[in-house]
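Okay, here's what each chain looks like letter by letter:
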Amino acid sequence: MAGFFDFLRYSYLKILVAISRFLIRRVTSSSSPTPDSLLNIPSRDQKRTIKVHVYKPHVEDAGSSKPAPVLINLYGSGFAIPLHGLDDNFCRLMAKTTGFVVLDVNYCLAPEYPFPAALNDIEDTVKYVLNHPDEYQASQLSVSGFSSGGTLALAASTILPRGTFKTLIAFYPATNLLQDPSLRKAPAPGGKDRSTFWTKIFRESYIRGIDPRDPRISPAFADTDHFPANMLFVTGELDASAVEAEELAERAKNGAHPGKNVIIRRMKGCGHAFDQKLTGEMNISARNEAYELAAEILKKGQEGR
Ligand SMILES: *[C@@H]1O[C@H](CO)[C@@H](O)[C@H](O)[C@H]1NC(C)=O
């Protein structure tokens, strides 16, 4: 009987997610990403591969084949919406200005692939990078993520061996999935009141009854010593997820290893996903500033901190 109700619930979630995917596709069809190449990384799930957009740095000496530092990027999906390619501008800019190869990973989504499938994809991608030392510089592996992608970046760094990632960049990540999203408040008033109905549906699809206090789901419950030595948290003052992100960042900064370089930047007048056209509230100067901070911390991490 429990199995039957579980199936009903799954069907309900799947229908709702299908509707929201359809609605979002209608507003995002305009621009398509322009990576330099595509890569299909083997997944532990034999039935599929992990699609990756590759952005190559512009190396002056085209003949040189020195292994490059790598940035793994995780787009924001709410764990359920296929928006791979949305960070095209960010990935291109990082490759161009930092010398990192950027691997923009199309990790799998709920409800078809609930927790921990997306994390498995990230782990499989990291393994792939580490297994190709001729191409990639394993000691210079870093990770970035937007929104739920930031959540996944933080979660992944708690399950991988300490020191796997040199630098972590999280743009407006959710860190506490235990908290009811409708009870969160932005640090400053004036933001758009967004319905939290979809957030709840997406989260239930991803978590499916597992305790959200699991640090692989909610990094707010993680031991911050597991996090990389260099971290950048970018939040928006009109965004309801800012407070929980900043709390975790402060904890990482003042943790048992105070040697960590943690930068917390709260953008004035900015809401969730302020750097993306999708929201209709894109702030270009804030976006440029935030991306510049990201490039800076990547380069700094490379100097051997
Ligand atoms: C854009 O962002 C900047 C930096 O956070 C902020 O100072 C400015 O007020 C924002 N502009 C608008 C129109 O919200």
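Residue positions are given per chain, counting from 1 as you read along its sequence in written order. Confidence filtering applies because this is a predicted model: local features only for residues at pLDDT of at least 70, side-chain atom pairs given and counted only at 80 or more, and all residues used for totals across whole chains, interfaces and linings. Values reported for side chains reflect all heavy atoms of the structure, with hydrogen atoms and water molecules removed beforehand.

The name an unreviewed UniProt entry assigns to the protein is Carboxylesterase, from the organism Penicillium malachiteum.

Asker: Tell me about the overall build of the protein, and name the residues and values.
Answerer: Starting at the N terminus, helices and strands are each numbered in turn, a helix being any DSSP run of H or I of at least four residues and a strand any DSSP run of E of at least two. Scanning the protein from N- to C-terminus turns up seven helices and eight strands. Its C-alpha radius of gyration of 19 Å places the protein within 12% of the 19 Å reference for a compact globule of 305 residues. By its C-alpha atoms, the protein is 60 × 45 × 45 Å across when sized along the principal axes. Accessible area is worked out with a 1.4 Å probe on protein chains only. A residue is then buried under 20% of its type maximum, exposed over 50%, and partly exposed in between. Counting across all 305 residues of the protein, residues that qualify as buried make up 51%. Residues are treated as being in contact if the distance between any of their heavy atoms lies within 4.5 Å. In the protein, once contacts between residues fewer than 6 apart in sequence are set aside, the share between residues at least 24 apart is 78%. For the accessible areas, the method is Shrake-Rupley and the probe is 1.4 Å, while residue cover comes only from the protein chains on display. Put simply, the protein shows about 14300 Å² of open surface, and 54% of that area lies on carbon and sulfur atoms. Positive and negative charge centroids in the protein, built from 36 and 33 side chains respectively, lie 3 Å apart. Put simply, the radius of gyration uses C-alpha atoms, and a globule should come to 2.2 Å times the residue count raised to 0.38. As used throughout, the charge tally considers Lys and Arg to be positive and Asp and Glu to be negative, leaving His and the chain termini uncounted. Each charge is placed at NZ for Lys, CZ for Arg, CG for Asp and CD for Glu.

Asker: Give a description of the sheet that holds strand 7 (residues 230–236) that names residues and reports values.
Answerer: Paired strands are those between which DSSP finds at least two bridges. The eight strands are arranged 1-2-4-3-5-6-7-8 in an open sheet whose pairing can be described as mixed. Each end of this open sheet is capped by a strand with a single partner; those strands are strand 1 (37–42) and strand 8 (261–267). Pairwise comparison of adjacent strand axes, ignoring direction, gives a mean angle of 20° for this sheet. Of the strand pairs in this sheet, strand 2 (residues 49–55) and strand 4 (residues 101–106) are connected by five bridges, and their pairing is antiparallel. Interaxial angle, 0 to 180 degrees, is taken between N-to-C directions of lines fitted to C-alpha atoms, where a helix line uses only the stretch in contact.

Asker: Describe the site of the ligand, and please don't skip the residues or the numbers.
Answerer: Every residue close to the ligand is listed here: Met267, Lys268, Gly269, Cys270, Asn283, Ser285 and Ala286. Here lysine 268 contributes a backbone N or O atom positioned 2.9 Å from an oxygen atom of the ligand. Between asparagine 283 and the ligand, the recorded distance is 2.4 Å, taken from a side-chain N or O atom to an oxygen atom. Relative to its unbound accessible area of 360 Å², the ligand is 48% covered by the protein chains. When residues are sorted by character, Ala, Val, Leu, Ile, Met, Phe, Trp, Tyr, Cys and Pro go into the nonpolar class, Asp, Glu, Lys and Arg into the charged class, and all the rest, Gly among them, into the polar class. Partitioning the shell around the ligand into residue classes produces three nonpolar, three polar and one charged. A single heavy atom is enough: if one lies within 4 Å of a molecule or strand, its residue is considered near that molecule or strand. In protein, a polar contact means a hydrogen-donor-capable atom and an acceptor-capable atom, both N or O and within 3.5 Å, with residues adjacent in sequence counting only if both atoms are side-chain atoms; elsewhere, any N or O pair within 3.5 Å suffices.

Asker: Provide a residue-level description of a nonpolar patch on the surface, including the pertinent values.
Answerer: Side chains of Phe4, Phe5, Phe7 and Leu8 sit close together on the surface and give an oily, nonpolar patch of about 440 Å² of accessible area. Taking the relative accessible area as the measure of exposure, leucine 8 reaches 42% and is therefore partly exposed. Like-charged residues are merged into a patch within 9 Å and nonpolar side chains (Val, Leu, Ile, Met, Phe, Trp, Tyr) within 5 Å, provided each residue has over 30% relative accessible area and no salt bridge. Only one rule defines a salt bridge in this text: a Lys or Arg side-chain nitrogen within 4 Å of an Asp or Glu carboxyl oxygen.

Asker: A description of the packing of helix 1 (residues 2–28) against helix 5 (residues 197–207) should follow, citing residues and the corresponding values.
Answerer: It is the contact of helix 1 with helix 5, at a shortest axis distance of 10 Å, that shows an interaxial angle of 130°. Looking at the two axes, helix 1 sits oblique to helix 5. In the packing of helix 1 onto helix 5, the handedness of the crossing is left-handed. Of the residues in helix 5, those in contact with Arg9, Tyr12, Leu13, Leu16, Val17 and Ser20 of helix 1 are Phe197, Trp198, Ile201, Phe202, Glu204 and Ser205. Orientation labels follow simple angle bins: below 35 degrees gives roughly parallel, above 145 gives roughly antiparallel, 65 to 115 gives roughly perpendicular, and whatever is left gives oblique. In this scheme the handedness of a crossing depends on how the near helix is turned from the far one: anticlockwise by less than a right angle means left-handed, clockwise means right-handed.

Asker: If you had to explain the packing of aromatic side chains to someone new, which residues and values would you point to?
Answerer: Working definition: rings of Phe, Tyr and Trp (its six-membered ring) pair if their centres are within 6.5 Å, and the pair is stacked with planes under 30 degrees apart, edge-to-face with planes over 60 apart, and tilted otherwise. A complete count under the given rule lists 14 aromatic pairs for this structure. Between phenylalanine 90 and phenylalanine 146 the ring centres are 5.0 Å apart and the planes differ by 80°, which places this aromatic pair in the edge-to-face class. Separated by 56 residues along the polypeptide, phenylalanine 90 in helix 2 (residues 88–98) and phenylalanine 146 in strand 5 (residues 136–146) bring together distant segments of the chain. Look at phenylalanine 197 and tryptophan 198: their rings are 5.2 Å apart centre to centre, the planes differ by 75°, and that puts the pair in the edge-to-face class. Residue phenylalanine 197 is classed as partly exposed on the basis of its relative accessible area of 42%. Members of the aromatic cluster, each reached through a chain of ring pairs, are Phe90, Phe146, Phe171, Tyr172, Phe274 and Tyr291. Its guanidinium or amino end placed over the ring of tyrosine 113, arginine 48 lies 4.7 Å from that ring's centre, counting from NZ or CZ. Any Lys NZ or Arg CZ that is within 6 Å of a ring centre and within 35 degrees of that ring's normal is treated as a charge sitting over the ring.

Asker: How would you explain the nonpolar core if you had to name every residue and give the values?
Answerer: Throughout, nonpolar core names a set of buried Ala, Val, Leu, Ile, Met, Phe, Trp, Tyr and Cys residues whose side chains join them through atoms within 4.5 Å. By size, the foremost hydrophobic cluster in this structure holds 57 residues, and its most contacted members are Leu74 and Leu152. The element contributing the most residues to this core is helix 3 (residues 117–130), with six residues. Residue contacts for leucine 74: discarding those within four places in its chain leaves Asp87, Val105, Tyr107, Ile122, Val143, Ser144, Gly145, Phe146, Gly149, Leu152 and Ala153. The next biggest cluster of nonpolar side chains, apart from the first, holds 26 residues, and it includes Phe100, Val102, Met267 and Ala290.

Asker: Can you explain the environment of tyrosine 291? Please cite residues and give values.
Answerer: With respect to the helices, strands and loops of the structure, tyrosine 291 is situated in helix 7 (residues 284–302). A sequence separation of 108 residues divides tyrosine 291 from leucine 183, and the C-alpha atoms of the two residues are 30 Å apart. Excluding anything up to four places from it in sequence, tyrosine 291 contacts Phe90, Leu93, Met94, Phe146, Phe171 and Asp275.

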